[in-house]
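# Examination of the molecular architecture
Listed below are the residues making up each chain.
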Protein chains: 2
Amino acid sequence: MNQENSASYPKYKQIIDFMKEKIARGEWPIGSKIPSQRKLASMFDVNRSTVITALEELTADGLIEGKMGKGTIVINNTWTLLATTPPDWNVHVKSGMHRPSQAMVQDINESESNSNLIQLSKGELSPDIFPKDKMKYAMEKVAKNMEVLGYEEPKGYFPLRKELSAYMKTIKIESSPDSILIVSGALQALQLISIGLLQKNSSVLLEKPSYLYSLHVFQSAGMKLKGLSMDEEGIKVTAIKRADPQEGQAILYTNPCFHNPTGTLMSQKRRYDLLKECEEHQLPIIEDDLYRELWLNKQPPSPLKALDKNGHVLYVSSLSKTLSPGLRIGWIVGPEPVIERLADIKMQTDYGSSSLSQRVAAEWFENGLYQLHMETVRTELRTRRKVMLNALETYAEDIATWTNPEGGFFIWVHIQPSISMKSLYSRALKRGILLNSGSIYAQETGSYLRLSYAYASLPDIDRSIKILAELIRELQV
Amino acid sequence: MNQENSASYPKYKQIIDFMKEKIARGEWPIGSKIPSQRKLASMFDVNRSTVITALEELTADGLIEGKMGKGTIVINNTWTLLATTPPDWNVHVKSGMHRPSQAMVQDINESESNSNLIQLSKGELSPDIFPKDKMKYAMEKVAKNMEVLGYEEPKGYFPLRKELSAYMKTIKIESSPDSILIVSGALQALQLISIGLLQKNSSVLLEKPSYLYSLHVFQSAGMKLKGLSMDEEGIKVTAIKRADPQEGQAILYTNPCFHNPTGTLMSQKRRYDLLKECEEHQLPIIEDDLYRELWLNKQPPSPLKALDKNGHVLYVSSLSKTLSPGLRIGWIVGPEPVIERLADIKMQTDYGSSSLSQRVAAEWFENGLYQLHMETVRTELRTRRKVMLNALETYAEDIATWTNPEGGFFIWVHIQPSISMKSLYSRALKRGILLNSGSIYAQETGSYLRLSYAYASLPDIDRSIKILAELIRELQV
Ligand SMILES: Cc1ncc(COP(=O)(O)O)c(C=O)c1O
Ligand SMILES: Cc1ncc(COP(=O)(O)O)c(C=O)c1O
């Protein structure tokens, strides 16, 4: 609870820290009255409005309460205090974050549950595409064959691992069920890798921009993100040479199929070159391949993992983008000792993923339901992509350029001349449209937007692009 | 990857570290031949058997391989190496652990999936008690009303939180759905608290013995466990005064209902005294109340959380012990800012728990199914407890004393005169019986056993206690 003394540390935060410390130490016990606003103002040599800002924050945190005729009283300590004084690592993360993006991500998370908004931000299939009937069928089959739902084996429900092992063969990856770990989504995969395999101060090399910039997962475990530049074939291999870190471990994270947020598909040649370069630099690879099945033109090149002879690649995927994020089912494929270590950490974290979800997921693979469903999804997404591209051509040709994705959910839009993305974001929100600014995915960048055609309805896609174009034009003036 | 130079660090480990470093640095690339056994033996001034031990471990880890006529070749690096050279925090945990218990816990975890063994170790309801029909019914209802399974709200599926809020009222806890966070089991609750609320070097005060000693969750996050002695009413309050840590944060973890492993039920008076003492010492409390509904004589006293006026207590529970561990559904109740912070961490960890599990769990509460099921469970457990206590009286009266639990799963057996628990464990295993030695739950302790009457069949309970008594007698000679 050390206070930073640097001049840049805002005064109202200093007041908050001071008061938290008093409460934490028990000097101001529950029920006690805190000094008056006037007194606090003179103690810190600030005007009363600053004191009020501090008191408001402490009130919102549930630590103090203004009581009529009694002044301001301490009403809580302990847990509430811990929650509002997070441990070091988190302070570290927060202070490392770009403030505006941070606030924007939180905002978007909240707004995403508002079903009145047109969600151009959502990296999730539209409810219209959700395969209710097939899911019902899978659940009923699991119900019919209901067995005991006990704690599962550390690596996960064996029949699901067997199905996944067979499925992986279809994308050219040879993996026995023993080299597969079931996890609760790809995010948990990254989380387990970060705490289970990497040392603090490791570097994570990754595409720039990247989905990972919108998360805390590696930074929270004390790692640094190092963005590598991309071209239309994916990460530039030359960028790795330059980034070769002199100290500490490093790994490379890549999202080679229909990259989030740019939609880029890594070419076959680039995959070979990248793997070779990484092997030379002893740079292990996390291949996040969540969007692979969402190809819309033709099947993508084989995964890096399929080319990998030396256990260099940890392969991560999940059902979140293709079937349902609510199942929370993902998997990691890698060398057995690595999978065993991660399984151990997973057991220490949550004793395994939901048995129900695992059984239902196995059902999806068992009778080819999953591949059938993927055909529907691809058909639907092709239409959506077309509608969004058409709308962009019709309304935005003179104010922006964009990618023409070969699959996945996203169109990456470059607005030119550039505008204030914050203004665009809030004006769009006022018009009922939720946007993801490119700044969420990289710490510095121009005027970029990640548009998702996966979620909103077709008329909404058309309508919202039209509005967006208007707003951009206003801001470009 | 620093090597310890202390004399106590075994030679074969030094060899392993040396070789890992060579591989990690790329000095010994994949495909290269490592020095001969003779050469290694003379380099480290050891005899060849020590070198062989090291090579065997590296082979098992998948880093090297003996090839006929080619010597020993490096076959892997990167991920495998990371997995076998875990980050600092874990080394720290491992080195802090009691070796024998550690090995024993792993052994037990493996043996628990062997269905030929009589599992006196398992803290889990017998498959015979699993409510197949009711679970089927709940699943089919969820299937029938199938909606989209998207990412859930950060705190979890609202209808489940509403049901839990109503359920909590029945045990005298007032909590709005907003002050409840759904998690993937109680273990995840502890995990989130450890990484989200506590500073490194915090102390966790807890019962001694305690279930927590069998886990890494707090130690992995850099915390120390400080055991407090117990009597038949629970944690001794005087022990808290003595343990009052001078530096760093501290919290108290308690498992007041049918404590794992001793079965102790904390008395009402002790609950008041404990809460008061903790409030005085500004010691926040985690109340792990997983076993509450498994009362067998009469309803237990209200939770500490029900007495808590100041947000001092974080309440943790789950469906693992009462219904099904495979659902992976637990919950945390606490002050809203705390719940919000934990929800944020949960989102960063795995984007929420399985929607399927959350919906099925809600179904269990919605129509009173859960309470009906609890009556069946209690009836079944009463019989099981009786059979085990009878068996102990019949076969073991002269060689041990034990508790008579008022609920939960466990009988805590004190073997007198004391014997080698390791020998008992392995002899029992040879006879087909899996045991949990008391040493798993505390770092030093006499000859204690945690026997579970929840899992094995009635005839197996009787038969295995008879065999156990024989084995103990042999060892006491
Ligand atoms: C590239 C990428 N990786 C991982 C995830 C996490 O997905 P989940 O944990 O739902 O599987 C996402 C979700 O947006 C993503 O876009
Ligand atoms: C006291 C106690 N707390 C927590 C747990 C973890 O249970 P779960 O994560 O399955 O809810 C257990 C399981 O054995 C336990 O005995």
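To be clear, the structure that these remarks concern was listed above.
Cut-offs and rules
- Residues numbered from 1 in each chain as written.
- Chains lettered and ligands numbered in written order.
- Predicted model: local features only at pLDDT ≥ 70, side-chain atom pairs only at ≥ 80, totals over all residues.
- Heavy atoms only, no water.
- Near = heavy atom within 4 Å.
- Polar contact = N/O pair within 3.5 Å; in protein donor to acceptor, adjacent residues only side chain to side chain.
- Areas by Shrake-Rupley, 256 points an atom, 1.4 Å probe, with all protein chains shown as cover.
- Nonpolar A, V, L, I, M, F, W, Y, C, P; charged D, E, K, R; others polar.
- Pairing = 2+ DSSP bridges.
- Helix = DSSP H or I, 4+ residues; strand = E, 2+ residues; numbered from the N terminus.
- Least-squares fit on C-alpha atoms with pLDDT ≥ 70 in both.
- Contact = heavy atoms within 4.5 Å.
- Expected span 1.5 Å × (residues − 1).
- Buried < 20%, exposed > 50% of the residue type's maximum accessible area, 1.4 Å probe, protein only.

### Concerning the site of ligand 1
With respect to spatial proximity, 16 residues lie near ligand 1, and among them A:Asp288, A:Tyr291, A:Ser318, A:Ser320 and B:Tyr151 are the closest. Chain contributions to the surroundings of ligand 1 come from chains A and B. In the model, an oxygen atom of ligand 1 is placed 2.9 Å from a nitrogen or oxygen of the A:Arg328 side chain. At a separation of 2.7 Å, an oxygen atom of ligand 1 approaches a polar side-chain atom of B:Tyr151. In isolation ligand 1 has 400 Å² of accessible area, and contact with the protein removes 97% of it. Grouping the amino acids of the shell around ligand 1 by side-chain chemistry returns eight nonpolar, five polar and three charged.

### Section: the sheet that holds strand E17 (residues 448-452) of chain A
Residues and elements named next belong to chain A. Across the sheet, four strands lie side by side as E13-E14-E17-E16; this open sheet has antiparallel pairing. Every interior strand has two partners, whereas the edge strands, strand E13 (400-402) and strand E16 (436-437), have only one. For E13 and strand E14 (residues 410-415), the ladder comprises three bridges, and the chain directions are antiparallel. Opposite Ala400, over in E14, you have Ile415 as the bridge partner.

### Here we look at the relation of the copies chain A and chain B
Mapping chain A onto chain B calls for a screw motion: a turn of 180 degrees about the axis and a shift of 0.0 Å along it, with 0.0 Å RMSD after fitting. Taken together, the rotation and translation relating the two chain copies correspond to the operation of a two-fold axis. Mapped onto chain B, 99% of the interface residues of chain A again fall at the interface, so both copies present the same surface.

### Let's talk about helix H1 (residues 11-24) of chain B
At 3.6 residues per turn, the α-helix brings residues three or four places apart onto the same side. With 14 residues, H1(B) extends 20 Å from end C-alpha to end C-alpha; this agrees with the ideal 20 Å at 1.5 Å per step. Considered for burial, the residues of H1(B) that qualify are B:Gln14, B:Ile15, B:Ile16, B:Asp17, B:Phe18, B:Met19, B:Lys20, B:Glu21 and B:Ile23.

### Here we look at the site of ligand 2
In the vicinity of ligand 2 there are 16 residues, among which A:Tyr151, B:Asp288, B:Tyr291, B:Ser318 and B:Ser320 approach most closely. Among the chains of the assembly, those with residues near ligand 2 are chains A and B. The contact in question runs from an oxygen atom of ligand 2 to an N or O atom on the side chain of B:Ser320, over 2.6 Å. Considering ligand 2 on its own, with 400 Å² of exposed area, one finds that the protein chains cover 97% of that surface. Here the shell around ligand 2 is built from residues that sort into eight nonpolar, five polar and three charged.

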